[in-house]
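Structural features, examined
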Amino acid sequence: MKFNHEEFEENNFSITRYESMLRSNDVKFFDSDEFESIIHHYLENGKIAKAKKAISLGLSQHPSSVNLKLLQVEILVFEDRLDKADNLLAQLHALEPENEEIYIQKANILSKQNDHLKAIELLSTALQYTADDADVYSLIGMEYLFMDDFENAKVNFMRCLESDNQDYSALYNIIYCFDFLEQHEEAINYLNMFLDKNPYCEVAWHQVGKQYFDLKDYKKALAAFDFAIISDEYFIGAYLEKGKVLEKLKRYNEAIENYRITLELDDPTSFALLRIGKCFEKLGSDDLAIQHFSKTVHEDPLLDKGWIAITDFYLRKRNYQKALYYTNKAISIDSENVLYWKRYAKINNRLAFFEEAERGYRKALELGNYELETWLNRSDILKFIGESDAAIQNIQQAIEFYPENAEIQYRLAGLFYEKQEFTKGEFHLRKALELDLEFTIILEELFEQVFNLTLVQNIISEYKR
């Protein structure tokens, strides 16, 4: 640790001295290692222009430095100047054919050109020369991910983790592969083997818990998150996940306690506040529920789920005016969310704002919500506000999705009879009766005058025999 601290101080001094030189225009000498540290500092902080200047100055003082030229290659690749980078790598390869970084950078170029198999070949060559095979295995894993080859990606990330058991990005990538392949049991077995060697790895316990959660084995998930917390009592993610499990187990007071711990460990998160509100709602503590929902949207005004939580709260209380206000807030944040438009339609319908209700259902349909209920509700509203032609057009579109649905056919029959298009009305009435005789109640309730017509009753009587 002392060495690392001293190295950090030395790098810091080099950067300070270098920037002082730039300000004074007084050229000073730096050894090539110092230049490397300075360039890495700028690259890590996204200061590409400053990194390029440092490379230029470094090469003017150390024109034969392969490492500085490799950093130059890195920037050329970043800027998509691949041909120039490739030429420079060819020169460097002639000088140092066993330098693993040359193969890594060449692989990077091939990866950008979507030649992932060739990139993997070069990275495999780099493995022969590198002293840090964990990084190379990780790069190979990423190339397989680019090709959607999750099995080989998983194998290489596992090799990376075997070389460096602190490489948690590799661990996350392994679990990502397991998840994509829907291999939850296999993921648990792998994590347990890893934990046998690293029993206090909070990240691994956390991932075990998430796997059990996906499998709905909430008791084992809870135990795993407890072990994650034992391994690191400040691990916010474990408390959040434990809270979610406790909610599933209907242990709402304990869930609240875990969510509150996260608020104490770090700045309040809208997710934790929202979940606390949901728990209080389940416990029947309405005042505390709405208080936390309000805190949620105060903490993150753009969190549409917070506004919808308040909407649903007032919907259950049948306070439709307030529910509408908060639905509009959610829609203003995410106007492409079908569920929000359906709420909007439902609330406006309850408030007898029928034109707005129709707009909500129409918007839901435009966004791809082709549920039967949406078609039927929109049709009934259009009929009610006197837009029979639009109601017919809507129902005819619904038939494309539900060609054998009696509810649709009865409505279409009623609409055509109302327009005195008796042939079309009879066609759809007979179709409806063939599908389901019991649903004549739709005709009776929505089209009473049509239902009472003698010719309609005669047709219905034919099917009752």
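The rules behind the values
Residues numbered from 1 in each chain as written. Predicted model: local features only at pLDDT ≥ 70, side-chain atom pairs only at ≥ 80, totals over all residues. Heavy atoms only, no water. UniProt positions renumbered as here; feature names shortened; annotations may be inferred. Helix = DSSP H or I, 4+ residues; strand = E, 2+ residues; numbered from the N terminus. Phe/Tyr/Trp six-rings, centres within 6.5 Å; stacked < 30°, edge-to-face > 60°. Buried < 20%, exposed > 50% of the residue type's maximum accessible area, 1.4 Å probe, protein only. Lys NZ or Arg CZ within 6 Å of the ring centre and 35° of its normal. Contact = heavy atoms within 4.5 Å. Domains from an automatic or database assignment. Axes fitted to C-alpha atoms, helices over the stretch in contact; angles between N-to-C directions. Parallel < 35°, antiparallel > 145°, perpendicular 65-115°, else oblique. Left-handed = near helix turned anticlockwise from the far one by under 90°. Nonpolar A, V, L, I, M, F, W, Y, C, P; charged D, E, K, R; others polar.

As recorded by an unreviewed UniProt entry, the chain carries the name Tetratricopeptide repeat-containing protein and is attributed to Aquimarina amphilecti.

**Section: the UniProt feature "repeat: TPR" (unreviewed entry) in the chain**
Residues annotated in UniProt with the feature "repeat: TPR" (unreviewed entry) correspond here to residues 134–167, 202–235, 236–269, 270–303, 304–337 and 372–405. Between the first and last C-alpha atoms of residues 202–235 the distance is 8 Å; the span itself is 79% helix and 0% strand. With 79% helix and 0% strand, the stretch residues 236–269 has end C-alpha atoms that lie 11 Å from each other.

**Re the packing of aromatic side chains**
The geometry of an aromatic ring pair is captured by two quantities: the separation of the ring centres and the angle between the planes. Per the stated rule, a full pass over the model turns up 18 aromatic pairs. Between Phe150 and Tyr176 the ring centres are 6.1 Å apart and the planes differ by 55°, which places this aromatic pair in the tilted class. Of this pair, Phe150 sits in helix α9 (residues 150–163) while Tyr176 sits in helix α10 (residues 168–180), placing them 26 residues apart in sequence. Accessibility expressed as a relative area gives 43% for Tyr176, which makes it partly exposed. Relative to Tyr314, the ring of Phe313 has its centre 5.3 Å away and its plane inclined at 85°; by these criteria the two rings are edge-to-face. In this pair, the class of Phe313 matches that of Tyr314, namely buried. Of the aromatic side chains, those joined through ring pairs into one cluster are Phe293, Trp307, Phe313, Tyr314, Tyr325 and Tyr326. A cation over an aromatic ring shows up here: Lys244 above the ring of Phe213, its NZ or CZ 5.4 Å from the ring centre.

**Focus on the side chain of Gln211**
Within the fold, Gln211 resides in helix α12 (residues 202–214). In this view, Gln211 contacts Ile175, Asp179, His184, Ala187, Ile188 and Leu191; residues no more than four positions away in its chain are not counted.

**A closer look at the domain arrangement of the chain**
Size of an interface: often given as the accessible area lost when the parts come together. Splitting the chain by domain gives domain 1 (1–63) and domain 2 (397–464). Inter-centroid distance (C-alpha atoms) of domain 1 to domain 2 is 83 Å.

**A word on the packing of helix α4 (residues 66–78) against helix α5 (residues 82–95)**
Helix packing geometry: the angle between the two helix axes and the distance between the axes. At a minimum axis separation of 8 Å, α4 and α5 run at an interaxial angle of 160°. By the criterion of interaxial angle, the relationship of α4 to α5 is roughly antiparallel. When you trace α4 past α5, the crossing you get is left-handed. Residues Val66, Lys69, Leu70, Gln72, Val73, Leu76 and Val77 of α4 lie in contact with α5, whose contacting residues are Leu82, Lys84, Ala85, Leu88, Leu89 and Leu92. Grouping the amino acids of the contact of α4 with α5 by side-chain chemistry returns ten nonpolar, one polar and two charged.

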